[in-house]
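Architecture and fold: a report
Chain by chain, the residues:
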Amino acid sequence: MIEIEGITKRYDATTVVDDVSMLIEPRTIAVIVGTSGSGKTTLLRMINRLVEPTSGVIRLDGADNRSLPGYQLRRSIGYAIQGHGLFPHRTVAQNIGTVPVLLGWEAARIKRRVDELMTLYQLDPQAFGPRYPHELSGGQQQRVGVARALAAEPNVLLMDEPFGALDPIIRNKAQEDLLAIQKRFGTTIILVTHDMEEAVHMGDKIAVMDAGKLVQYAKPAEILAKPASAFVETLVGASEKPFRLLSLGRVRDAVETGAAEGEAIPDDASQRDALAELLWSGRPALPVKGADGRPLGRVTVDGLVKRAARPA
Amino acid sequence: MKEAGVKAWLPSLLRLVLVVLLIAFVTNPGWFEPLLKPLTENNAPAIYNQGSLLTLTLLHLRTVLIATVAATIVAVALAILVTRPAGVEFLPLSRSLVNIGQTFPPVAVLALAVPAVGFGEKPTLIALFLYGLLPIFENALTGLTTLPANVVEAARGAGMTGWQRLVKIELPLSAPIILGGIRLSVVISLATATIGSTVAARTLGEVIIAGLLSNNLAFVLQGGLIVAALAVLIYDGLSAIERYTARRMGQETA
Ligand SMILES: Nc1ncnc2c1ncn2[C@@H]1O[C@H](COP(=O)(O)OP(=O)(O)OP(=O)(O)O)[C@@H](O)[C@H]1O
Ligand SMILES: [Mg+2]
């Protein structure tokens with residue numbers, strides 16, 4: 001659990017982060033969104049003390065983050081810096097192995113971990129391990145940056161726009177991988193992004209920042225349904241709201257009894273994908289199948305449209 | 001196509017020829033006597049005969065090496081010191097100290113050092129050391145202060161201590177620039193070391209001075225040529241190392 005209490009950061013007269021308090025439950029993902037310069041990176045960096053707050057306290061699992069020397073604290077927290085920040089004079093494998101080396105892992109264990117992460121991020125360890133960062137594409141560099149943050153299996157992971165340079169397909173894959181890793185290891189993640197779609201998809205909770213202040217911190221559905229201010233409303237994109245709301249729900253939660261013609265849609269697809277399929281194929285209903293292929297019922301345009309409406 | 005091929009290996013060939021000529025000249029200067037004979041008058045010797053050219057060359061290189069190593073250690077250490085948070089206030093002071101070392105003429109340093117440490121290699125080492133500090137210090141300072149902020153922050157974020165960052169990240173990343181400073185310093189020292197012979201340091205300056213004293217152009221020329229050849233080769237070698245380290249980091253080099 002991460003408790004941020006009354007954190008403020010001032011540079012001279014300007015307040016960059018202004019009295020922010022938030023609580024991040026263990027094994028959840030908190031996403032920070034906000035316009036450029038709103039203090040997202042600064043807030044993130046106060047958690048691993050790359051930036052020392054002017055006032056306020058941050059506790060990790062109950063312990064003040066100042067109770068350890070900064071470098072030891074940072075070895076226990078994964079950090080994917082904005083714009084990857086790979087070490088240009090070290091190979092991809094050495095970059096990924098940075099924190100395990102600092103922690104004194106055995107060479108064989110480091111190699112196993114590096115290979116595992118490279119395979120996960122679809123970088124062949126044989127081919128890419130010995131390369132230098134400048135010999136990689138921007139998207140590959142970014143994936144190496146994320147792999148480096150994950151290398152020592154940290155409990156807490158701070159990610160600053162980690163998927164910015166990825167194309168939609170790789171980005172989707174990277175998001176799914178991160179969710180899978182998060183589920184498997186129970187990592188607590190704080191992720192900064194500019195992409196509202198990503199925020200709604202990844203976040204258990206979304207924190208909206210504006211000019212250093214935390215203006216809303218709530219579950220995605222609530223942010224969409226009850227934006228705390230006009231600013232939040234603009235940020236989530238008024239015209240996108242119904243679709244974002246649908247993308248939060250699974251088909252299995254919208255199943256109605258009855259049958260329908262045509263190819264069935266899996267019950268774990270998002271309701272948004274189901275509506276898109278319905279509209280695109282011009283049909284009023286789609287059959288739904290379970291993971292085992294068993295028919296479960298159907299989803300209808302009418303049913304989904306009702307779900308996309310502003311919650312009462 | 002063929003021309004491009006020739007262009008590619010021509011520099012290497014020239015370097016090789018220069019190395020062979022240099023080694024041949026300092027080990028067997030007699031072979032070159034016919035070439036230098038026309039420069040002498042009154043049947044004076046064409047080849048330096050008051051000592052072995054090979055010994056003088058090695059002593060010359062030794063003097064330059066010692067001075068450069070010392071200057072590198074001090075200049076880099078100083079640059080590291082003044083780029084740490086605790087040392088920033090010494091930056092202006094160390095800058096001016098090092099600048100004085102450079103503006104003070106080496107001849108004057110020799111003149112001042114002789115009464116203090118006596119004749120021989122020592123005053124020369126002091127002059128070369130002081131003269132070599134500035135280029136290395138300035139380059140090390142540039143290297144350490146222009147590191148990509150993102151990379152240094154990533155090192156901090158990974159949990160490296162100040163010392164680990166310096167050794168694993170900052171110094172390796174500024175190595176090409178520091179090497180550039182060392183290269184300049186070595187070349188200046190190679191030339192400047194010749195004046196050490198005025199205070200009885202055993203360098204190739206001995207050959208040149210002997211030539212000047214006896215009006216023997218052949219001596220002056222062979223002393224000068226050996227120093228020039230050494231400078232060219234060492235400059236070239238260090239440039240190659242610099243390019244190699246820079247290329248590994250994906251930096252463009254001219
Ligand atoms: N070291 C510093 N000294 C002075 N001002 C700073 C410093 N670091 C950040 N700032 C200022 O603090 C504000 C917030 O910066 P921050 O990097 O946290 O923004 P951000 O929300 O991450 O923006 P972006 O989305 O562009 O990454 C900016 O106005 C920035 O100029
Ligand atoms: Mg930022």
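Chain B is annotated in an unreviewed UniProt entry as ABC transporter from Mesorhizobium temperatum. Within the UniProt record for chain B, the comment given under Sequence similarities (unreviewed entry) is "Belongs to the binding-protein-dependent transport system permease family." Check the Subcellular location (unreviewed entry) section of the UniProt entry for chain B; it says "Cell membrane".

Chain A is annotated in an unreviewed UniProt entry as Amino acid ABC transporter ATP-binding protein of Mesorhizobium temperatum. The Sequence similarities (unreviewed entry) field of the UniProt record for chain A holds the comment "Belongs to the ABC transporter superfamily."

**Let's talk about the UniProt feature "domain: ABC transporter" (unreviewed entry) in chain A**
Cross-referencing UniProt, the feature "domain: ABC transporter" (unreviewed entry) maps to residues 2-236 of chain A in the present numbering. Summarising residues 2-236 of chain A: 40% helix, 26% strand, and an end-to-end C-alpha distance of 25 Å.

**Quick notes on the site of ligand 1**
All names here are of chain A. Close contacts around ligand 1 come from 13 residues, with Ser-36, Gly-37, Lys-40, Thr-41 and Thr-42 the closest. Between ligand 1 and Gly-37, the relevant distance is 2.8 Å, taken from an oxygen atom to a main-chain nitrogen or oxygen of the residue. Its free accessible area being 640 Å², ligand 1 has 58% of it covered by the protein chains. The greatest single-element share of the shell around ligand 1, amounting to three residues, is contributed by helix H1 (residues 40-47). Split into classes, the residues belonging to the shell around ligand 1 amount to two nonpolar, nine polar and two charged.

**Section: unusual backbone geometry**
The backbone of A:Asp12 sits at a positive phi, close to 50°, despite the residue not being glycine. Accessibility expressed as a relative area gives 79% for A:Asp12, which makes it exposed. At B:Asn42, a position not held by glycine, the phi torsion is positive, near 55°. In this structure, B:Asn42 sits in the loop between helix H2 (33-36) and helix H3 (53-83). Here B:Asn42 falls in the exposed class, since its relative accessible area comes to 75%.

Criteria and cut-off values
- Residues numbered from 1 in each chain as written.
- Chains lettered and ligands numbered in written order.
- Predicted model: local features only at pLDDT ≥ 70, side-chain atom pairs only at ≥ 80, totals over all residues.
- Heavy atoms only, no water.
- UniProt positions renumbered as here; feature names shortened; annotations may be inferred.
- Helix = DSSP H or I, 4+ residues; strand = E, 2+ residues; numbered from the N terminus.
- Near = heavy atom within 4 Å.
- Polar contact = N/O pair within 3.5 Å; in protein donor to acceptor, adjacent residues only side chain to side chain.
- Areas by Shrake-Rupley, 256 points an atom, 1.4 Å probe, with all protein chains shown as cover.
- Nonpolar A, V, L, I, M, F, W, Y, C, P; charged D, E, K, R; others polar.
- Buried < 20%, exposed > 50% of the residue type's maximum accessible area, 1.4 Å probe, protein only.

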